[in-house]
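What the coordinates show
The primary structure of each chain is shown beneath.
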Amino acid sequence: MKAAFGKVWRLEEIGGSIIGGTIKAIQDKGKNPKPPRDPRLPAPKGQTVASFRKGLAMLPNAIASRLGSKVKLSWKLTSITKADNQGYVLGYETPEGLVSVQAKSVIMTIPSYVASDILRPLSIDAADALSKFYYPPVAAVTVSYPKEAIRKECLIDGELQGFGQLHPRSQGVETLGTIYSSSLFPNRAPAGRVLLLNYIGGSTNTGIVSKTESDLVEAVDSDLRKMLINPRAADPLALGVRVWPQAIPQFLIGHLDRLAAAKSALGRGGYDGLFLGGNYVAGVALGRCIEGAYESASQVSDFLTKYAYK
C-alpha cells in the first residue's frame, strides 16, 4: 500500500484514517500554502489528465534541446567501476567506439533488471535485489473507427465522452483498458473519427509476446465490439502497435523492502554517489516520475555539495 498508493497511505498515517488524514491535510495546506503557480502553465479545472500537443515525446525532446550536446544518443553503458580517487569510471559502447567517462556521481534511471546486470560486478546483493522486481509484458494498440461505429448507447449528446474504460478479468475480455484519446485531447483524430488507445497483456496474459501485430489488433477489436463498437462496423484503422516485453514494474508486497535492500547493499559497499531512480523507485505515473526526478536531482546536488568540501 505504501509503495503503490503512497499518498493514501500517508493520509492514514497523519490522521488515523483516510478521512481524518484528508481533513488534516486540508488544514495543513491552509497553514502552509504552496508557492505561487508559474503563470506560464495552463490552469486545469480540478483533477484532470494531461498530455502534450504532439504527444509525450515533446517532454524529453524539449529537455534534450535545452541540454544540447550533453545528451548522448546511442551510447550504451556496459560497465561501472570505482575510480582510483573519488567517483566512478563508466564504460560506453558508442558509434565512435569505446568511450570512458569519469563522474563524481551516477544516477541510474534505467529499469531495475538492466541496473541489476550492470551493478552485479560491484554488488551481488544489490543486483539480486534489483532482479526481483516484476515487469509483465504489455502491448499498446492504437486504432481508429468512424464515429458511427460507436454504439448509440455509449454516446452522450451524440459524442463519445469520458476518459475511457478499465476491464476486470471477470468480464472475459483480453484488453486491459481503453483510453478515448480523441475525447480527452484536441486534434487527435480528424472530424468524424475516434482514436482509441488500448492496452493488452499484463501478468495474467503474458502470451501476447508471441502474437503478431495483426493478432493483437484483432483481439482488441473483438473485445471492443462486445461493449463499445457496433458488431457490424467496418474494420478499424490500425495506427500503431507497440509490444513492451517488460513494461511497467509491479508494486507487489515487499516492493519497498527490495528497494531498501538494493540501496543498503550499495551503501555497505561504499558506493556513495551512486543513486537509483526511475519508475520502480518513484512510481509509474507521469507525475510521480517527474516528482521523483526532482527528488533524485536534489539527492545528487546534496551529495556533490558535500563532495566539493572533501
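Residues numbered from 1 in each chain as written. Predicted model: local features only at pLDDT ≥ 70, side-chain atom pairs only at ≥ 80, totals over all residues. Heavy atoms only, no water.

1. Thoughts on the side chain of histidine 167
- In this structure, histidine 167 sits in the loop between strand S6 (164–166) and strand S7 (175–180).
- By relative accessible area, histidine 167 is classed as buried at 6%.
- Of the polar contacts made by the side chain of histidine 167, one reaches the backbone oxygen of threonine 175; its length is 2.8 Å.
- Beyond its immediate chain neighbours, meaning those up to four positions away, histidine 167 contacts Val173, Thr175, Leu176, Gly177, Thr178 and Met227. (Helix = DSSP H or I, 4+ residues; strand = E, 2+ residues; numbered from the N terminus. Buried < 20%, exposed > 50% of the residue type's maximum accessible area, 1.4 Å probe, protein only. Polar contact = N/O pair within 3.5 Å; in protein donor to acceptor, adjacent residues only side chain to side chain. Contact = heavy atoms within 4.5 Å.)

2. Quick look at the layout of surface pockets
- Its volume calculated, the second largest pocket comes out at about 150 Å³.
- Every residue lining the second largest pocket is listed: Lys263, Leu266, Gly267, Tyr271, Asp272, Gly273, Leu274, Phe275, Leu276 and Gln299.
- Contributing elements (two or more residues each) for the lining of the second largest pocket: helix H8 (255–268) and strand S10 (274–276).
- Taken together, the residues that form the lining of the second largest pocket break down as 5 nonpolar, 3 polar and 2 charged. (1 Å grid on protein atoms, 1.4 Å probe; cavity = no way out; pocket = protein on both sides within 12 Å on 5 of 7 lines; lining within 4 Å. Points joined across faces, edges and corners; volume = space filled by probe spheres on them. Nonpolar A, V, L, I, M, F, W, Y, C, P; charged D, E, K, R; others polar.)

3. Focus on a positive patch on the surface
- Residues Lys2, Lys7, Arg10, Lys29 and Lys34 make up a contiguous surface patch of positive charge.
- Structurally, lysine 29 is set in helix H2 (residues 18–31). (Patch = residues over 30% accessible without salt bridge, like charges linked within 9 Å, V, L, I, M, F, W, Y side chains within 5 Å. Areas by Shrake-Rupley, 256 points an atom, 1.4 Å probe, with all protein chains shown as cover. Salt bridge = Lys/Arg side-chain N within 4 Å of Asp/Glu carboxyl O. Lys, Arg positive; Asp, Glu negative; His and termini not counted. Charge placed at Lys NZ, Arg CZ, Asp CG, Glu CD.)

4. Points about the domain arrangement of the chain
- The domain architecture assigned to the chain consists of domain 1 (1–41), domain 2 (71–123 + 252–307) and domain 3 (138–244).
- One C-alpha centre belongs to domain 2, the other to domain 3, and the line joining them spans 37 Å. (Domains from an automatic or database assignment.)

5. Thoughts on the pattern of salt bridges
- Evaluated as defined, the whole model comprises 12 salt bridges.
- A salt bridge links arginine 151 to glutamate 153; its shortest N-O distance comes to 3.9 Å.
- For the salt bridge of arginine 288 with glutamate 295, the shortest nitrogen-to-oxygen distance reads 3.3 Å.
- With a relative accessible area of 25%, arginine 288 lands in the partly exposed category.
- What makes glutamate 295 partly exposed here is its relative accessible area of 42%.
- Put simply, Asp221, Arg225 and Asp235 are held in one network by salt bridges that share partners.

6. Regarding the nonpolar core
- Ile80, Leu90, Val106, Met108, Leu119, Leu130 and Leu274 are the most contacted members of the largest nonpolar core, which totals 25 residues.
- Counting only elements with at least two residues in this core, the list comes to strand S1 (76–82), strand S2 (88–94), strand S4 (106–108), helix H4 (112–119), helix H5 (124–130), H8 and S10.
- It is H8 that provides the largest number of residues to this core, a total of 4 residues. (Core = buried A, V, L, I, M, F, W, Y, C linked by side-chain atoms within 4.5 Å.)

7. What to know about the sheet that holds S1
- Here 3 strands make up an open sheet; going across it, the order is S1-S2-S3 and the pairing antiparallel. The sheet is open, and its two edges are formed by S1 and strand S3 (97–103), each paired on a single side. Between one strand and the next, the sheet's axes are offset by a mean angle of 20°, whatever the strand orientation.
- With 7 bridges connecting them, S2 and S3 associate as antiparallel partners. Paired with glutamate 93 across the strands is leucine 98, a residue of S3. (Pairing = 2+ DSSP bridges. Axes fitted to C-alpha atoms, helices over the stretch in contact; angles between N-to-C directions.)

8. Some points on the packing of helix H1 (residues 6–15) against H2
- Their axes nearest at 7 Å, the elements H1 and H2 cross at an angle of 85°. As summarised for this structure, H1 and H2 are arranged roughly perpendicular, according to the angle between their axes. Every residue of H2 that contacts H1 at Val8, Leu11, Ile14 and Gly15 is listed here: Ile18, Gly20, Gly21, Thr22, Lys24 and Ala25.
- Split into classes, the residues belonging to the contact of H1 with H2 amount to 5 nonpolar, 4 polar and 1 charged. (Parallel < 35°, antiparallel > 145°, perpendicular 65-115°, else oblique.)

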